[in-house]
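Structural features, examined
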Amino acid sequence: MSQHLNRFFLIAVAATVSATVMAQQPTPPRTDSTRRPGGFPGAAANQGPKAYKDVITDKAKTDEGMFKVHKVDEKYFFE
């Protein structure tokens, strides 16, 4: 009797999970009109990355370890 309940339970869980996964609506692809330049918020079109010296200034506090962690104002940069 125990084997039948275990089998029933596993089948019920598998059916619930597969129904849930299949019920998810795919996200429609973003069109050019909804996409921001550069692919992320605040990015300007046709601008490359800033120079290292412009981002990690003399104000930066650096903690060296496995990775360098720079803190400039309230922002953290990992190197």
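The structure reproduced in this document is the subject of the present report. (Residues numbered from 1 in each chain as written. Predicted model: local features only at pLDDT ≥ 70, side-chain atom pairs only at ≥ 80, totals over all residues. Heavy atoms only, no water.)

To continue, consider the pairing of strand E2 (residues 69-72). The alternating pattern of E2 places His70 and Val72 on a buried face and Val69 and Lys71 on a face that is not buried. Summarising the sheet, strand E1 (residues 61-63) and E2 pair through three bridges and their orientation is antiparallel. By the bridge assignment, Asp63 is partnered in E2 with Val69. Following E1, the chain reverses through five residues before pairing antiparallel with E2. In textbook terms, the turn of a hairpin is the stretch between consecutive antiparallel strands, and for E2 and strand E3 (residues 75-78) this stretch comprises two residues, one of which, Asp73, has a positive phi near 55 degrees. (Buried < 20%, exposed > 50% of the residue type's maximum accessible area, 1.4 Å probe, protein only. Helix = DSSP H or I, 4+ residues; strand = E, 2+ residues; numbered from the N terminus. Pairing = 2+ DSSP bridges.)

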